Amino acid sequence: MAAPPNLIAVVGPTAVGKTALAIALARRFDGEIVNADSRQVYTCMDIGTAKPTPAERRSARHHLIDIRQPHSPISLGEYLPLARESIEAITARGKLPILCGGTGQYVWALIEGWEVPRVPPDPAFRARLEHRLAAEGAGALWQELRDKDPDRAATVDSQNPRRIIRALEILCATGNPVDATGKSPAPPYRCLVLGLTADRIPLYERIDARFDSMMADGLLDEARRLDAAGYELGSGALSGVGYTELGQYLADAMTLDEAVSRSKTRTHRLVRRVATMEFTKMHGAGNDYVYVDARAMPERDWNDLSRAISNRHFGVGGDGLILVMESDVADLKMRMFNSDGSEGAMCGNGIRCFAKYAIERGIVSSSAQQVTVDTLAGVRTIVPHYAGSTVHSARVSMGLPRLAPSEIPVDLDPAIAGQTGPVINYAVHPGDFRLFLTFVSMGNPHAVTFIDQPVEEFPLHNIGPLVERHPIFPDRVNFEIVNIREDGNLDARVWERGSGETMACGTGACAIGVASRLLGHTGDRVAVSLPGGTLDIEWDGAGEVYLEGPAAEVFSGVWTE
Ligand SMILES: N[C@H](CCC[C@H](N)C(=O)O)C(=O)O
């Protein structure tokens, strides 16, 4: 078997000198350069992306620059085959391919051989399967996948409808089983990675000097031309540094000096985040998480990081870790980990803060009226509420509640295990206690019980762990206790799977709202009061559940491992 082709990858923070080094290597070793900067693929964005100048491009051949117009975003799944073809062609000509760019996900996806499905989302196909999901349950779809592609089914969680539907979508489109996203077993290249770095202060000075020269070279006119051409500065391909801030200047939202200063500061932050690991602490009604923008980061043991960073004595402290990642099917993707390192499918409090994080950092439009976020429970839509340019709360479409035992999942006696409807007031005896549980999945499993005593008197720290790990819950469970107040609203506390008692739980509050309506305690709307705050739930008994509540940022910092 032929040895894999050679490849040099020049990586490092912005303004550190990657282009100059790549050109020197190309001239020294008869190489050609493949662009790995997600902004330089676009035409009309020359100055603001620090694209190699015509003179630089004459001194060494470059590939994958100016291949798209800004209104036609390129996805990772589209970039990878183009980059592989370029590397192959360069090698075939007996030249050395040199990968150069600051988009970490492009670089690592190429080096590690990620396979991203070329199958674009098929909305009609998904709508049909969502309908069948509601009617037949995830188990039936998983069974179909197992019949058609047993190897693939073995790697897909039978309770993860999104992964099941995606696998069936790829199978239907390609006619053959293929992994949705995975690395190739063997490294595709014999790769030498040259990581450039520099002390922070001199690097900040280079960044500032370079931005000043961009302005002198006509960056403002470039922004004006893009604006006049109808592009939304600050969104999509144009959400990068400089374009966003100059767009706000052109919209009279800030002075030119402010735009220049913010551009420099945002680039400093970008460097800090990639070079170390910047984090932001946020909470929704006291349910607190550590947020990391992982879009430019290589894969790592996130479970381990969540355990370390969530520790309230030896780490930052929180109920878990939430990652901001790229998505092919939504604006962004969210991954959520509990403080014990286990990964949860969905997080209602966390996703409101996630939207706030993305909007206020310009990762999505800084005036977005909605943000779509891909999660293991499916794509969720968040509608932010603003005070000026700050998001203070949000309303989330939390999807359909799942009520069949197989969808929770909960293993019950055969007489009721196969039913598709709700299981309410199911008697369970954790230790010496007797509870009546109602089961609801919001993409993650919940068991809700209603009690007569005030919730603060309930021995939650004794009973919570017994319910969380009760043998009827194959994936463990989040456990909610509820007391109905005189005014008809609800007091509650939550023992979370993987995190213990938290000050609030968004998916838990949704499960409480659903269970309470099923049991006839409340109607379509209910306020759930938790130790950390109140969450408003809306469910009409058939459609999606809606969650409304606060989102707050506490502080940012740098995680030094
Ligand atoms: N606190 C989150 C739920 C976390 C659920 C997690 N504990 C699990 O399902 O494993 C929320 O606001 O919805």
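This text goes with the structure placed above it.
My aim in this report is to walk through the structure given alongside it, one point at a time.

Parameters at a glance
- Residues numbered from 1 in each chain as written.
- Predicted model: local features only at pLDDT ≥ 70, side-chain atom pairs only at ≥ 80, totals over all residues.
- Heavy atoms only, no water.
- 1 Å grid on protein atoms, 1.4 Å probe; cavity = no way out; pocket = protein on both sides within 12 Å on 5 of 7 lines; lining within 4 Å.
- Points joined across faces, edges and corners; volume = space filled by probe spheres on them.
- Helix = DSSP H or I, 4+ residues; strand = E, 2+ residues; numbered from the N terminus.
- Nonpolar A, V, L, I, M, F, W, Y, C, P; charged D, E, K, R; others polar.
- Domains from an automatic or database assignment.
- Pairing = 2+ DSSP bridges.
- Expected span 1.5 Å × (residues − 1).
- Buried < 20%, exposed > 50% of the residue type's maximum accessible area, 1.4 Å probe, protein only.
- Phe/Tyr/Trp six-rings, centres within 6.5 Å; stacked < 30°, edge-to-face > 60°.
- Lys NZ or Arg CZ within 6 Å of the ring centre and 35° of its normal.

### Some details on the layout of surface pockets
There is about 430 Å³ of room inside the second largest pocket. Contributing to the lining of the second largest pocket are 16 residues, with Gln248, Met254, Arg262, Glu360 and Ser366 lying nearest its centre. The dominant element in the lining of the second largest pocket, judged by the number of residues it contributes, is helix H12 (residues 256–275), at 4 residues. Per-class residue counts for the lining of the second largest pocket are 3 nonpolar, 7 polar and 6 charged. There are two domains that each give the lining of the second largest pocket at least three residues, and those are domain 3 (200–274) and domain 4 (277–397).

### Comments concerning the pairing of strand S23 (residues 533–538)
Regular strands place their side chains on alternate faces of the sheet. The pairing of strand S22 (residues 525–530) with S23 spans 6 bridges and is classified as antiparallel. Residue pairing for S23: Ser529 is matched across the bridge by Thr534. Turn length for the S22-S23 hairpin, with the two strands adjacent in sequence and antiparallel, is 2 residues. Pairing analysis gives 3 bridges linking S23 to strand S24 (residues 546–550), with the strands arranged antiparallel. Within S24, the position partnered with Asp536 by the bridge is Glu548.

### Comments concerning helix H14 (residues 348–360)
Under the 1.5 Å per step criterion, the end-to-end length of H14 is 19 Å for 13 residues, consistent within 8% with the ideal 18 Å. What H14 keeps buried is the set Gly348, Asn349, Gly350, Ile351, Arg352, Cys353, Phe354, Ala355, Lys356, Tyr357, Ala358 and Ile359. Just beyond H14, the residue with positive phi is Gly362, at close to 70 degrees.

### With respect to the packing of aromatic side chains
Following the criterion strictly, the structure yields 6 aromatic pairs and no others. Ring plane angle 25 degrees and centroid distance 6.2 Å describe the contact between Tyr291 and Tyr357, whose orientation is recorded as stacked. Of the two residues, Tyr291 is situated in strand S9 (residues 287–293) and Tyr357 in helix H14; the sequence distance between them amounts to 66 residues. With respect to burial, Tyr291 and Tyr357 carry one shared label: buried. Each member of the aromatic cluster is reached from another via a ring pair, and the members are Tyr426, Phe439 and Phe473. A cation over an aromatic ring shows up here: Arg361 above the ring of Tyr357, its NZ or CZ 4.1 Å from the ring centre. Positioned over the ring face of Trp539 is Arg517, at 5.8 Å from the centre of the ring.

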